[in-house]
Amino acid sequence: MKRSDRSLVLFRCRTRTGYVPSAASLPLAQPFLLLLLVVMGVCPAWAQTGASLSGLVTNQSGAALPDVALTIKNVDTGVTRAVTTDGAGHFEASGLPPGHFTIRAVKQGFADETRTGIRLAVSQDATVDIRMQPSTPDACTSGHEFATTDCALSWHGITLYGAYDVGVGWVSHGLPENGYNYEGESLVNRNGNQSRFIIAPNNLQHTGLGVRGKEEFLPGWSIVFNASTGINPQSGLLANASLTDINNNGLPRASYSEAIDGARAGQPFNDEYYAGVSSAQFGTLTFGRQRSLGTDAMLLYDPAGGAYAFSYIGYNGTMAGGGDTENSRWDDALKYRLTYGPVHFGAMYKFANGSGGCYSATAATTGWTAANCTPVAPHNDAFGFDLGGTISKFSADIIYQHYNQAVSVLNPLLGPQSLSAPYQSTTNSINTIQITGVNLIDPANTLYGIVTDNNAVMIAAKYTWDPFKLFAGYEYIWQNNPKNPLGVGASDQGGYIMSGVEDNNLDEEKLVQIWWTGVKYTYRSKTDFTLSWYQQRQDDFRSPPTCTPLSFRASCAGTLNETSFYVDHHITKRFDGFAGIAYSYVSGGLAIAIPHGPGVPYNHPSNFAPTVGGRFTF
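This one's a predicted model, so the numbers in the text were calculated from it and none came from an experiment.

### Quick look at the overall build of the chain
When helices and strands are tallied, the chain shows seven helices and 33 strands. Looking at the chain residue by residue over its 618 residues, the buried ones come to 48%. Sequence-distant contacts in the chain: of pairs separated by 6 or more residues, those separated by 24 or more amount to 67%. A total accessible area of about 27600 Å² is found for the chain, and carbon and sulfur atoms account for 61% of it.

### A word on unusual backbone geometry
A cis amide bond links Asp466 to the next residue, Pro467, at an omega of 5°. One can find Pro467 in the loop between strand S26 (447–465) and strand S27 (468–480). Positive phi outside glycine occurs at Asp67, with the angle close to 55°. Assignment of secondary structure puts Asp67 in the loop between strand S3 (51–58) and strand S4 (69–74). Phi angles above zero are rare outside glycine, and His156 is one such case at about 50°. For His156, the position within the fold is in the loop between strand S11 (153–155) and strand S12 (158–174).

### Let's talk about the packing of aromatic side chains
Both the distance between ring centres and the angle between the ring planes are used here to describe each pair of aromatic rings. As enumerated under the stated definition, the model contains 19 aromatic pairs in all. Pairwise contacts between aromatic rings join Trp465, Phe468, Tyr521 and Phe529 into one cluster. Over the aromatic face of Tyr161 sits the side chain of Arg212, whose NZ or CZ is 4.3 Å from the ring centroid. Lying across the ring of Tyr182, Arg264 places its NZ or CZ 6.0 Å from the centre.

### Some words on the state of the cysteines
Using the criterion set out here, one finds two disulfides in the structure. Sulfur-sulfur distance for the disulfide between Cys140 and Cys151 comes to 2.0 Å. Between Cys140 and Cys151, the S-S dihedral sits near 100°, and the bridge is therefore right-handed. Placement of the pair is Cys140 in the loop between strand S10 (130–131) and helix H3 (143–148) and Cys151 in the loop between H3 and S11, with a sequence separation of eleven residues.

### A few points about the pairing of strand S23 (residues 394–408)
Across the 15 residues of S23, eleven count as buried, placing the element largely inside the fold. Sheet analysis places strand S22 (residues 382–391) next to S23, joined by ten bridges and oriented antiparallel. Across the sheet, Gly389 pairs through a bridge with Ala396, a residue of S23. The hairpin formed by S22 and S23 contains two residues between the paired strands, and Ser392 there has a positive phi angle of roughly 55°. In this sheet, S26 lies alongside S23 in antiparallel orientation, the contact comprising 13 bridges. Across the sheet, the residue bridging to Ile398 is Ile459, located in S26.

### A closer look at the nonpolar core
Within the largest apolar cluster, 42 residues are counted, with the highest numbers of intra-cluster contacts made by Phe310, Ile313, Met319, Ile514, Trp516 and Leu560. Put simply, the parts of the chain that give this core at least two residues each are helix H5 (293–301), helix H6 (312–315), strand S18 (329–340), S23, S26, strand S29 (510–523), strand S31 (558–570) and strand S32 (575–588). Per element, the largest residue contribution to this core is four residues, and it comes from H5. Counting 21 residues, the second-largest nonpolar core is a separate cluster that includes Leu53, Leu70, Phe101 and Leu120.

So, how was this worked out
- Residues numbered from 1 in each chain as written.
- Predicted model: local features only at pLDDT ≥ 70, side-chain atom pairs only at ≥ 80, totals over all residues.
- Heavy atoms only, no water.
- Helix = DSSP H or I, 4+ residues; strand = E, 2+ residues; numbered from the N terminus.
- Buried < 20%, exposed > 50% of the residue type's maximum accessible area, 1.4 Å probe, protein only.
- Contact = heavy atoms within 4.5 Å.
- Areas by Shrake-Rupley, 256 points an atom, 1.4 Å probe, with all protein chains shown as cover.
- Phe/Tyr/Trp six-rings, centres within 6.5 Å; stacked < 30°, edge-to-face > 60°.
- Lys NZ or Arg CZ within 6 Å of the ring centre and 35° of its normal.
- Disulfide = S-S within 2.5 Å.
- Pairing = 2+ DSSP bridges.
- Core = buried A, V, L, I, M, F, W, Y, C linked by side-chain atoms within 4.5 Å.

And the structure:
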């Protein structure tokens, strides 16, 4: 290399378009060229103090993405510059003036990513890393393509999606099946009795249908909507936790079928039903029936992904709902999500809705009568916040949720105290005071609920160490009797009415703690091996506690554990087969085990449940 050529490399002047040689690199015969360049502004004075932006673009698992097209925009002037990542996923743009910038990353097969709020000072070298997520698959063009690829059933931005998940299993202590149930029988059940083979619904994913859309109406602004529902894959009936309890009303315990509590209560769209507006820069705001922030976090940080057959926190929504499984979805709720660089933020607010029924402060001693029962307004509003982030292969979130007048439907209604009693017999599970008097609400097709004000804080994290994914989480829940009690006739999920209500179930604050951890190993991209462990602990909330082996009640301290292992093999893009085992057991008392009388609340304190099945998604 000639001396003058080496100088051309060593002495350079940054410009908007790149580098031009300095005076030291030019032959002496060309001084007028330098003068011309300066006069034309190719090497202006601000170039000597230009800033730069650089970074790394990766996919969702942290692998570098080459050939990503990035547009860097000066917000102050509107000037843009285009750069492309190299083979190692790196990009760099130098010679930038001080000011405010945005970066947009685009690559086929991935959703566009935008980073805003970037401010460059004089001579600053800033680093902005970008992680891109796979985009919605291209629309299907034929039946063959639908069967063999993961193309989407889309038309003009509107997508039809769904899943069908069913299997066969065996439980060591189970119950007859119910056509409205949607959670199977893998978890230990307080009424579980004899061993049986079962047709197991919704093992890895809820069977159902949905339609969602995203339509841009201004550059960077879109209308978004989603409507989805779940069904029992055997019966074809809408998922309805409330009816599983109602079907057991008045029956002796030995005659119960499988009964659950949950947010899906036969609504036409029992999963989500919302619409809103989304901006690449300002986030997404939606209103309607939506999953709680805790449910979003559960699906993200549960090693089993909320699989009913293998996940306690998926099967039982106590964690996702911040204290009660019915609160895993909120009606009449505003939800806001924003991603800013590696940080994301979420907030929710639920408006009070439904009926508060009619309340009597003296019902425990005088009974419920038209004379002492006063109509009350509902106060079942709620709010929550989520703050999280992703750094390389590690992500974490912390979530807080508060819910007023949360309802737990844990007991089918009992039959009349005697054949001549004109009222429904209900008993406060703490002080055993019988609620008597002529029913103001006909108990037919009604529910019996316990009402509390709930608070919960959850922290969860995961780390990807290919081919492993490691998960862990913890939630602390505290519950109190409601500041504003509900009355008989109050409405519950799906518009069902409560003919029995307990507003004084807790003698003192009830504390619940939930832990979980697990690992997922992916073999050759098609087979996942998942091992998980879950635990829930509850304190005594009766004063004074009278908890002995012969008098355990739901108010007594207790512990539930579940361990599961399953293998999921993706046969095609749409169909996978799975097989696994879940084992769960309880000790002491536990809120999900409210008995009809003193004594050990579970018929059997454990359940062993192997399951084999298949899932089809589109």
